[in-house]
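So the chains spell out like this:
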Amino acid sequence: MKKVFLFSGTEEGKRLARRLGAAGIETTVAVSEEYGTVMPEEPGKEVPVELIHRDMDEAEMVSFIRSVDPGIVVDATHPYALEASRRVRNAAEQAGIPYIRMKRRSKDAPDRKVFLFSDSKDVATALEKTSGNVLITTGADSLKEYAEREGLKDRLYVRIPPEDRSIEICDSLGIPRERIIAMKGPFSKEINRATFLNYEIRHLVTKQSDRSGNFVEKVFAAQETETAVYVLGMPQEDGIPYGEVLDRLGELFSIELRDTVTINVSLVGVGPGNTDCMTAEAERAIREADVLFGTSELPETFRSGKQVYPYVRGEEILPRLEQLLWEARQGDPHVRAAVLLPGDTGFHSGSMGLIFYLTNWRRRMLLSDTGRIDMRIRTYPGISPVQLMAARLQDHWDHAFVGDLSGEETTLQEVFERLPYEKRTYLLATGVEDVEQLRKWVLEKDPERERYSLYAGYQLSMREERIFADEGQRPGIGAEDALCDPFPDILPEGAYTIMIRNCAPASGDGGEEVQVLTGLSNDEFLREKEIPLILEEVRTIALSKLRITEPAVVCDIGSNSGSISVELGRLLKNSKIYAIEKEKERADLVRRNIKHLSAHSVTVVEGEAPDILEELPAPTHLLVEGAEGGLFRILQTVFNRSPGARAVVLADTLELKSELAQLLSGSIPTEYTILEPEYIELNVSHNRKLGRHHAMKADNPVAILAFRFGRRPGA
């Protein structure tokens, strides 16, 4: 017979009783005030659960356990009911029944406001950073540490025995008599609760103690009044978490007990603001969701009956998602969430960062002990402000430079440097100031002023929509039919999307876009003695092995003269290239080459990898030109941030080539593995003139390893 004797006093114990009953496992549940008083549902006819609600001493526990004769005893009493837990363990041992202790994960426990400390000084330091009244219950001898701190003295209350010595200590420390609670215990949960409410206590300081110290009653009362508890000398809880208990019981009874929760997360592009511009698919995803993250500006018809949280960043969403997962394990095992992103999910919406956070969180959850999950992520695109602006101007944006001034991806200085070379530039502005600075730049571009037409779309798609225009000689086909107004003296505050058309870009002839090809000659670059330059042949092959598709984020580590970054910057117009160099002289040379060869999408970053990578966007592509012994750390850091990134490593020293060999052999203990590796050894020779003849001179051989990151099985 499958039987479990469960001593329950927590929400986890309640969940376990319900799970065992649903699985047809006969379960006896003992609950008492001392264990924690969390009652499971009344057992139904179809659920074989027997409920015992009474306090028991150790002998009674032994008698009950023997009468039930279970296959195992599970201790799910409250983590602070130490004496009760000790008796359960002893009783199971005397009855000769296997015993397991279930502990709560800190993030799942309802009593998150319980903090553990080793001494009074640390408690006082922590309390100084809080507000609200503090109750000290650790005795008069410990008061000095708290009373001598200015930030605490005026909000201290003290509960002490009604003894002359204790009261004299309080008087000597300047604690007013009205803040002294002179009472003799024991104190029930009800008395503690009344004390906390009467004196508006927000923080309780106590010692961990056994039953005689009424520790459990204080903690339970604090939880009911949302009072934070600061515990001195509290040992770490032992036992195994809920998920492992399910596994142990499943093995014992040869049954699958793990919960499965289905989580559907929709990333929804809600368009430029007006819900009339939202796609039918996006609208359906919002209506079907129970929880909404992101903008709260949707009509009430969309939000009705849903939980709405104003979070759009991964680090903000994940804690709430974990709470939803925890709630789902106790109730409806389905979580339907939608993250509402402005504009289109593929255009400066943060969707890629969210997908990175969510997929890594899913991987952690699958490997954790919190139960089975089935998580699905789906993206629903929307209309971006750039698409709408192009439509309003009857123009196209497929070959335009597109930037977002509201984030860190694009700066005004970068835009000013690019404008002479771009035929079309679309920008999301932070507000009026960006519009005014761009217009000022255009108006002051004599004698080239007539090349430029500037349009500022205000509150696109909304009732207040207007497009302000300052046009040059050739505004473009379709612009004459656009409904535009002259720029007013004072621009209204609000959201702007900007389009600047250059009818004669410097990179072309008569306004035609020109394709920039790979294979820049070595002579094109500015050179400095002692600073290496990656040769044309090596550079071309390395670029081909990156296999870049736009938009991309490329990190070039140890960029030397910047030859690879600069050539990438000339090729990629809708990507970000970061040339990372720790030596200032080399970084300055890279900047000069960027300006010299008009590689405007390259940003120079001074710093040392891998630490500097934490400050940059997660790369889609990695290029390593120099590592100096830090290759494996660099690769691990990139894998942690971008598990699907592609990497190309160049090696011209025996030491670095040895590290590449170790990567290929798989002998390095890493969480990642390299997929589809390509290893190339280049021996390039160039001709040189010797008198009337020509001879070949060999350059230093260079190895290239290209691969894609993958997760090592079992990691």
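Residues numbered from 1 in each chain as written. Predicted model: local features only at pLDDT ≥ 70, side-chain atom pairs only at ≥ 80, totals over all residues. Heavy atoms only, no water.

1. As for the overall build of the protein
Here is step 1 of the chain: When helices and strands are tallied, the protein shows 22 helices and 31 strands.
Here is step 2 of the chain: Out of the 715 residues in the protein, the part that is buried amounts to 50%.
Here is step 3 of the chain: Expressed as a percentage of contacts within the protein between residues at least 6 apart in sequence, the contacts between residues at least 24 apart total 69%. (Helix = DSSP H or I, 4+ residues; strand = E, 2+ residues; numbered from the N terminus. Buried < 20%, exposed > 50% of the residue type's maximum accessible area, 1.4 Å probe, protein only. Contact = heavy atoms within 4.5 Å.)

2. Digging into the pairing of strand E2 (residues 26-31)
Here is step 1 of the chain: In terms of residue burial, E2 counts as a mostly covered element, since five of its six residues are buried.
Here is step 2 of the chain: With helix H1 (residues 11-22) bridging strand E1 (residues 3-8) and the parallel E2, this β-α-β connection has right-handed handedness.
Here is step 3 of the chain: Bridge count between E2 and strand E3 (residues 49-53): five bridges; the pairing is parallel. Looking across to E3, one finds that Val31 is bridged to His53. (Right-handed = clockwise from strand over helix to strand, strands pointing away. Pairing = 2+ DSSP bridges.)

3. So, the sheet that holds strand E7 (residues 133-136)
Here is step 1 of the chain: Judged by pairing direction, the sheet is parallel, and its six strands sit side by side in the order E6-E11-E10-E7-E8-E9 without closing on themselves. Bordering the open sheet on either side are strand E6 (114-117) and strand E9 (180-182), each of which pairs with just one other strand. For this sheet, the mean angle separating the axes of adjacent strands, direction not counted, is 20°.
Here is step 2 of the chain: Each of E6, E7, strand E10 (201-207) and strand E11 (228-232) touches helix H4 (residues 120-128); the most contacted strand, E11, lies at about 160° to it.
Here is step 3 of the chain: Against the sheet, helix H9 (residues 215-224) makes contact with strand E8 (156-160), E10 and E11, and its axis sits at roughly 160° relative to E10, the strand it touches most. (Axes fitted to C-alpha atoms, helices over the stretch in contact; angles between N-to-C directions.)

4. Considering the packing of aromatic side chains
Here is step 1 of the chain: In total, this model carries 13 aromatic pairs according to the counting rule given.
Here is step 2 of the chain: With 4.8 Å between their ring centres and 20° between their planes, Phe5 and Phe7 make a pair best called stacked. One exposure class covers both Phe5 and Phe7, and it is buried.
Here is step 3 of the chain: When the centroid spacing of 6.0 Å and the interplanar angle of 45° are considered together, the rings of Phe639 and Phe709 count as tilted. Pair noted here: Phe639 is in helix H21 (residues 631-641) and Phe709 is in strand E31 (residues 702-711), with a separation of 70 residues, a long-range link. (Phe/Tyr/Trp six-rings, centres within 6.5 Å; stacked < 30°, edge-to-face > 60°.)

5. What about the confidence of the model for the protein?
Here is step 1 of the chain: Confidence in the prediction for the protein averages 82 pLDDT; 88% of positions are at 70 or higher.
Here is step 2 of the chain: Within the protein, the element-level pLDDT minimum falls on helix H12 (residues 300-303), averaging 67, and the maximum on strand E5 (residues 99-101), averaging 94.
Here is step 3 of the chain: Across residues 508-516, confidence stays below pLDDT 50; counting only partners more than four residues off in sequence or on other chains, it has 13 contacts. (pLDDT = per-residue confidence, 0-100.)

6. Remarks on the pattern of salt bridges
Side chains carrying opposite charge are able to pair once their charged atoms draw close together.
Here is step 1 of the chain: As enumerated under the stated definition, the model contains 33 salt bridges in all.
Here is step 2 of the chain: Residue Asp171 pairs with Arg177 through a salt bridge whose shortest N-O separation is 2.8 Å.
Here is step 3 of the chain: Judged by relative accessible area, Asp171 falls into the partly exposed class, the value being 36%.
Here is step 4 of the chain: Arg539 is paired through a salt bridge with Glu567; the nearest N and O atoms lie 2.7 Å apart. Here Arg539 is found in helix H18 (residues 536-546), whereas its partner Glu567 is found in helix H19 (residues 563-571), with 28 residues between them in sequence. Per residue, the accessibility class of Arg539 equals that of Glu567, and both read buried.
Here is step 5 of the chain: A single network of salt bridges, built from pairs that share partners, joins Lys545, Arg547, Arg646 and Glu678. (Salt bridge = Lys/Arg side-chain N within 4 Å of Asp/Glu carboxyl O.)

7. A short note on the packing of helix H8 (residues 189-198) against H9
Packed helices, taken two at a time, are described by the angle between their axes plus the distance between the axes.
Here is step 1 of the chain: One way to put it is that H8 packs onto H9 with a least axis distance of 8 Å and a crossing angle of 45°. The orientation of H8 relative to H9 falls into the category oblique. The crossing of H8 and H9 is right-handed. Counting all contacts with H8, which are made through Lys189, Asn192, Arg193 and Phe196, the residues of H9 involved are Glu217, Lys218, Phe220, Ala221, Ala222 and Glu224.
Here is step 2 of the chain: Split by residue class, the contact of H8 with H9 holds four nonpolar, one polar and five charged. (Parallel < 35°, antiparallel > 145°, perpendicular 65-115°, else oblique. Left-handed = near helix turned anticlockwise from the far one by under 90°. Nonpolar A, V, L, I, M, F, W, Y, C, P; charged D, E, K, R; others polar.)

8. Some remarks on the packing of H1 against helix H10 (residues 242-253)
Here is step 1 of the chain: Close contact between H1 and H10 brings their axes to 11 Å; oriented N to C, the two are set at 30°. In terms of orientation, H1 and H10 fall into the roughly parallel class. Taken as a pair, H1 and H10 cross one another with a handedness that is right-handed. Contacts between H1 and H10 involve Glu12, Arg15, Leu16, Arg19 and Leu20 from the first element and Tyr242, Val245, Leu246 and Leu249 from the second.

9. A closer look at the sheet that holds strand E25 (residues 602-606)
Here is step 1 of the chain: Spatial strand order, E25-E24-E23-E26-E27-E31-E28: seven strands in an open sheet with mixed pairing. Each edge of the open sheet is held by one strand with a lone partner, namely E25 and strand E28 (672-682). In this sheet, neighbouring strand axes are inclined to one another by 15° on average, regardless of whether the strands run parallel or antiparallel.
Here is step 2 of the chain: Pairing of strand E23 (residues 553-557) with strand E24 (residues 576-581), which is carried by five bridges, proceeds in the parallel orientation. Counterpart to Ile557 in the pairing with E24 is Ile580.
Here is step 3 of the chain: Along the sheet, helix H20 (residues 584-596) makes contact with E24 and E25, crossing E25 at roughly 170°.

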